[in-house]
Amino acid sequence: MTQETMERLSDRIQALSESQTLAMARLSREMKAQGLDIISLSLGEPDFNTPDFIKDAAKKAIDDNYSHYPPVNGYLELRQAISAKFKRDNNLDYPADQIVISTGAKQSLANIVLSIVNEGQEVLLPAPYWVSYYEIVKLAGGIPVPVETSIDRDFKISAEQLENAITPNTRLIIFSSPCNPSGSVYTAEELTQLAKVIARYPNLMVISDEIYEMINFESRHASLATNAEIFDQVITVNGVSKGFAMTGWRIGYIGAPLWVAQACSKMQGQFTSAPSGISQKAAQAAVEADPAKVAYMRDEFLLRRNLMIELLSEIPGIRCNRPPGAFYLFPDISEFFGKKTDGYEINNASDLSMYLLKEAHVGVVTGEAFGNPECIRLSYAASQDQLKEAAARMKKHLNRLH
Ligand code: PMP
Ligand code: GLU
């Protein structure tokens, strides 16, 4: 885009950054198309295919003529199935009218932020945060306020840190557990400590993004909203993309206070009308199923996590923790800052990511995109052979830096 065409765009879109996860995935794809053998660990999506029982439900929905505009907030039968899922898996009581189905959890997040954040209000983002939180808040005119964490505390904020970050202008907190990009998981006890702080600020709202709920290796998933004293302050976001390998079907959902659900429905009534009816019927089969039916994916992710941690531990300069969830590692690579090799000087995580892509042909995402410039994000949602090859290439090329 030229400077001249750029200036013809709205201030709003000019201020918006491209999604760095999608941008790295695009770069990797372009280099692959040029014939290069790229291993892309950049995009966070399961490499599994959607399970057959879900695909069958979609085929049936086509034959049953689910081809008309669905209700704006989603089919009642899907909202009822999600209501039952919230009870079954999370011990949460969200009746069907407090549930809104959207075109991916990404749209759920945009609906909520646009519905409850006013111009100039602050939104706390424990960092590292997922890329799109920051940009969606900006788009709504809010002020994203990162709250720093460190690898030594497994990238989790404490109740004290939260308390210190809240100002009279704080409207919302957005966090994910299991976390993208760190893979960290808040325990039920840690969430209760955060809830005690949140309860002291009744006008403060929280988005608890639980889209990686099913990819948790060490504990039973804990939902923030089970802390009864803040139930009306929490909006629980979830979706079928990650747990059911359904990223392309584009179905996400929320459980929320009625007034928030109604606002989100009004919002998407003007933007998208409703998410695809065929995808909704597929999502219904997914959430109604016994979660044990898809546990094979989580089991495989666990093997890959262990493999990748072991392989990275053999690379001098990389410092990695042991994240209990999602399918990401978020190693600290700051040891390489100030190092060089022919034609490259590494001064930050973005330099290192570009170096790895261009020289090692391994796509990762810079931690800067997630608010932590000392780290890079690797998605281990790739085959074990690919992970072994990627780690070998990283080792070879990182060892060249001096
Ligand atoms: N939240 C987090 C933390 C994510 O990683 C993603 C992945 N894209 C989303 C929300 C959105 O997921 P989707 O739009 O595919 O439902
Ligand atoms: N959530 C995934 C990621 O973080 C998919 C990309 C996106 O939706 O931005 O890589």
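Note: the structure precedes this text.
Residues numbered from 1 in each chain as written. Chains lettered and ligands numbered in written order. Predicted model: local features only at pLDDT ≥ 70, side-chain atom pairs only at ≥ 80, totals over all residues. Heavy atoms only, no water.

(A) View of the packing of aromatic side chains. Enumeration over the complete set of coordinates arrives at 16 aromatic pairs. Aromatic side chains Tyr212 and Tyr328 sit 5.6 Å apart centroid to centroid with 75 degrees between the ring planes, which places their arrangement in the edge-to-face category. Of this pair, Tyr212 sits in the loop between strand E6 (205-209) and strand E7 (234-239) while Tyr328 sits in strand E9 (residues 328-329), and the two are 116 residues apart along the sequence. Residue Tyr212 is classed as buried on the basis of its relative accessible area, which comes to 3%. Centre to centre, the rings of Phe327 and Tyr328 are 5.0 Å apart; their planes meet at 55 degrees, and the pair counts as tilted. Judged by relative accessible area, which is 0%, Phe327 ranks as buried. Assessed through its relative accessible area of 1%, Tyr328 is described here as buried. Taken together, the ring pairs in this structure connect Phe48, Tyr212, Tyr296, Phe301, Phe327 and Tyr328 into an aromatic cluster. For Lys156, the ring lying beneath its charged end belongs to Tyr186, and the centroid distance is 5.8 Å. (Phe/Tyr/Trp six-rings, centres within 6.5 Å; stacked < 30°, edge-to-face > 60°. Helix = DSSP H or I, 4+ residues; strand = E, 2+ residues; numbered from the N terminus. Buried < 20%, exposed > 50% of the residue type's maximum accessible area, 1.4 Å probe, protein only. Lys NZ or Arg CZ within 6 Å of the ring centre and 35° of its normal.)

(B) Up close: the side chain of Thr236. Along the chain, Thr236 turns up in strand E7. In this structure Thr236 comes out as buried when scored by relative accessible area, which is 0%. Polar side-chain contacts of Thr236 include one of 2.9 Å to the side chain of Tyr94. Leave out the neighbours within four places in its chain, and Thr236 touches Phe86, Leu92, Tyr94, Ser208, Glu210, Ala225, Tyr253, Ile254 and Gly255. (Polar contact = N/O pair within 3.5 Å; in protein donor to acceptor, adjacent residues only side chain to side chain. Contact = heavy atoms within 4.5 Å.)

(C) View of the sheet that holds strand E13 (residues 365-366). Spatial ordering of the open sheet is given by E9-E14-E13, a layout of three strands whose pairing is antiparallel. Of all strands in the sheet, those with a lone pairing partner are E9 and E13, marking the two edges. (Pairing = 2+ DSSP bridges.)

(D) Representation of the site of ligand 2 within the structure. Around ligand 2 sit Ser19, Thr21, Leu22, Leu43, Gly44, Lys106, Trp130, Asn180, Lys242, Tyr328 and Arg377, and those are all the residues in its vicinity. In this structure, Thr21 approaches ligand 2 through a side-chain N or O atom, which is 2.8 Å from an oxygen atom. In this structure, an oxygen atom belonging to ligand 2 sits 2.8 Å away from a side-chain N or O atom of Arg377. Protein contacts shield 89% of the accessible area of ligand 2, which totals 280 Å² for the unbound molecule. Of the residues in the shell around ligand 2, the class split is four nonpolar, four polar and three charged. (Near = heavy atom within 4 Å. Areas by Shrake-Rupley, 256 points an atom, 1.4 Å probe, with all protein chains shown as cover. Nonpolar A, V, L, I, M, F, W, Y, C, P; charged D, E, K, R; others polar.)

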